[in-house]
Amino acid sequence: MTITNENCVVGIEYEVKEAGTTEVVDSNKGTGQPLEFIMGKGQVIPGLEKALCGMKADENGDILVPATEAYGEYNDEAVQTLPKEQFEGIELKEGLTLYGQSEDGQTTQVTVKSFTDSDVTIDFNHPLAGKDLMFSVTVLSAREATADEVESGIVGGEASGGHCGSGSCGCS
């Protein structure tokens, strides 16, 4: 099946590097666990999803995703300095990733940029913001999403249900 831009369940093996470097920033190669997602649901970065359209199972390729279609441009205004008291009980170190809750109730990730005896500077940008990414991908599977998958947005069925690995969706 050819990958379409909507309601297609895709499984990929991938390795991603910051473009122009050799350092792998994320990978599932050799794990035996494909990254599975439903096209058109915003489950992977837009540039990767767009580039996968038209590919088929067993096809591979290198995909350059510009920062604007990955994690966005770096935003200097997303860096804040807060009183150190707000971090009481946390052993601070530069580069530490912390998780909290945003005003709209979503989980948010911040990185500690620096700290003093009185202040902590945190960065709300994604660690890969402002970076072009090079993906090496192999499409392992591509199929139409079931009605349950389309409705729930979860590969393998209902929000409370299983996943493809359990055999509950009839795939192998």
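Before any of the text, the structure's been laid out above.
This is a predicted model, so every value here is computed, not measured. (Residues numbered from 1 in each chain as written. Predicted model: local features only at pLDDT ≥ 70, side-chain atom pairs only at ≥ 80, totals over all residues. Heavy atoms only, no water.)

On to the pattern of salt bridges. Applying the stated rule across the entire model yields five salt bridges. Here Lys131 makes a salt bridge to Glu18, at a shortest N to O gap of 3.7 Å. Remark: Glu18 occurs in strand 1 (residues 8-18) and Lys131 occurs in the loop between strand 8 (119-123) and strand 9 (133-144); sequence separation between them is 113 residues. With a relative accessible area of 27%, Lys131 lands in the partly exposed category. (Salt bridge = Lys/Arg side-chain N within 4 Å of Asp/Glu carboxyl O. Helix = DSSP H or I, 4+ residues; strand = E, 2+ residues; numbered from the N terminus. Buried < 20%, exposed > 50% of the residue type's maximum accessible area, 1.4 Å probe, protein only.)

Across the sheet, four strands lie side by side as 5-8-7-6; this open sheet has antiparallel pairing. Both edges of this open sheet fall to strand 5 (79-83) and strand 6 (97-101), since each of them pairs with a single strand only. In this sheet, adjacent strand axes meet at a mean angle of 40° when their direction is disregarded. Direction of pairing for strand 5 relative to strand 8: antiparallel, over a ladder of five bridges. (Pairing = 2+ DSSP bridges. Axes fitted to C-alpha atoms, helices over the stretch in contact; angles between N-to-C directions.)

Mapping Asp123 onto the fold places it in strand 8. Among the polar contacts listed, one links the side chain of Asp123 to the backbone nitrogen of Asn125, at a separation of 2.8 Å. Not counting residues within four places of it along the chain, the set of residues in contact with Asp123 comprises Tyr74, Ala78, Val79, Gln109, Val110, Thr111 and Lys113. (Polar contact = N/O pair within 3.5 Å; in protein donor to acceptor, adjacent residues only side chain to side chain. Contact = heavy atoms within 4.5 Å.)

Bringing the environment of Gly89 into the picture now. Turning to its location among the elements, Gly89 is positioned in the loop between strand 5 and strand 6. Note on Gly89: relative accessible area 80%, which makes it exposed. C-alpha of Gly89 to C-alpha of Leu64: the two residues are 25 residues apart in sequence and 41 Å apart in space.

Here the focus is the state of the cysteines. Scanning all chains against the criterion turns up zero disulfides. Take Cys8: it sits in no disulfide, and the sulfur closest to it among the cysteines is that of Cys53, at 8.4 Å. On the basis of relative accessible area, Cys8 is assigned to the buried category, the value being 0%. Given a relative accessible area of 30%, Cys53 falls into the partly exposed group. (Disulfide = S-S within 2.5 Å.)

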